[in-house]
Amino acid sequence: MSDETRRPLLVDRTPFPDGLDERLHAQFTFLVEIDRLKTILRQSPLAAAERRENDAEHSWHLAMMVTVLAEYADEPIDVGHTVQLVLLHDLVEIYAGDTPLYDPAAGVDQAERETAAADELFGLLPEDQSRRLRELWDEFEERRTPEARFAKAMDRLQPLLLNWMARGGTWRTPGVTADDVRARKAVIGDASAELWKAGRQLIDEGERRGWSRSGRGEQA
């Protein structure tokens, strides 16, 4: 991408001094640019405040969940590798935006938007790191390893916990039923039978309490 056509970067506002090591310049540029992640709002409500969480908060929470819940993985996982996956997985939303889980229309072009964003964002790094981080992002998306499957499970379990604390949260999205929630969260079971059992308990109890609609036949 030429300088004339590239997206304006945050570092353009306060350029680094001349003479800065070229590799460090690229790395610093990337690290400053991903500060944008703190501005990308998700749909999930926080448990501790009356507002929605942002992507950076979400990614941090997933890293903590991997650290705490790794013992429930059905297959042995490398915790450090899995933490890398969850920290990286939503960076593309800096350019692609958040895609709500219960909005099928918004997800139609999600893969294309996020792939283009990955090319652009990871391309800011030195070539070796650009390739490595892109490989990690692809690994998460394809769920081809035990670590990626567990990372995806955490990505689906975390908002489930927040929605429970909010007594419904996004489960109350118009047209969404408890069956839809179960279908969207079932991927948790690909990595952990025990965590999916617990997740189903929360969804079932939320349905019983009226925090979500019962049955597909009641969709708007």
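As a reminder, the structure under discussion sits directly above these lines.
Below you will find a few notes about this structure. (Residues numbered from 1 in each chain as written. Predicted model: local features only at pLDDT ≥ 70, side-chain atom pairs only at ≥ 80, totals over all residues. Heavy atoms only, no water.)

Some remarks on the packing of helix α5 (residues 110-122) against helix α6 (residues 127-142)
What counts is decided by this rule: Where helices are involved, their axes are fitted lines through C-alpha atoms of the stretch in contact, as for all axes, and angles between N-to-C directions lie from 0 to 180°. For the purposes of this entry, the term helix denotes a DSSP run of H or I that reaches at least four residues, the term strand denotes a run of E that reaches at least two, and both are numbered from the N terminus. Relative orientations are named as follows: roughly parallel for angles under 35 degrees, roughly antiparallel for angles over 145 degrees, roughly perpendicular for angles from 65 to 115 degrees, and oblique for any other angle. Crossing handedness is read from the near helix: turned anticlockwise from the far helix by less than a right angle, it gives a left-handed crossing, and turned clockwise, a right-handed one. Should any heavy atoms of two residues lie within 4.5 Å, those residues are considered in contact. Side-chain classes follow a simple rule in which Ala, Val, Leu, Ile, Met, Phe, Trp, Tyr, Cys and Pro form the nonpolar group, Asp, Glu, Lys and Arg form the charged group, and the remainder, Gly included, forms the polar group.
The interhelical angle for the contact between α5 and α6, taken along N-to-C directions, is 155°, at an axis separation of 9 Å. In terms of axis orientation, α5 runs roughly antiparallel to α6. The chirality of how α5 crosses α6 is right-handed. Facing α5, whose interface residues are Glu114, Thr115, Ala118, Asp119 and Phe122, α6 presents Ser130, Leu133, Arg134, Trp137 and Glu141. The residue makeup of the contact of α5 with α6, split by class, is four nonpolar, two polar and four charged.

Focus: the nonpolar core
In plain terms, the rule: In this description, a nonpolar core means a group of buried Ala, Val, Leu, Ile, Met, Phe, Trp, Tyr and Cys residues linked to one another through side-chain atoms lying within 4.5 Å. Note on classification: 1.4 Å probe, protein chains only; a residue is buried when its accessible area is under 20% of the maximum for its type, exposed when over 50%, partly exposed between these limits.
Phe30, Leu91, Phe122, Phe150 and Met154 are the most contacted members of the largest nonpolar core, which totals 48 residues. Those elements that place two or more of their residues in this core are α2 (55-69), α3 (79-88), α4 (93-96), α5, α6, α7 (146-165) and α9 (193-208). Considering each element in turn, this core owes the most residues, seven residues, to α7. With residues near it in sequence (within four places) discarded, Phe30 still touches Leu91, Leu121, Phe122, Leu124, Leu125 and Leu133.

Quick look at the pattern of salt bridges
Put simply, the rule reads: When a carboxyl oxygen of Asp or Glu is within 4 Å of a side-chain nitrogen of Lys or Arg, the pair counts as a salt bridge.
In total, this model carries 21 salt bridges according to the counting rule given. Note that Arg7 and Glu120 form a salt bridge whose closest N and O atoms lie 2.8 Å from each other. On the criterion of sequence distance, the pair formed by Arg7 in the segment before α1 (22-33) and Glu120 in helix α5 is long-range, its members being 113 residues apart. Taking relative accessible area as the criterion, Arg7 reaches 33% and is therefore assigned partly exposed.

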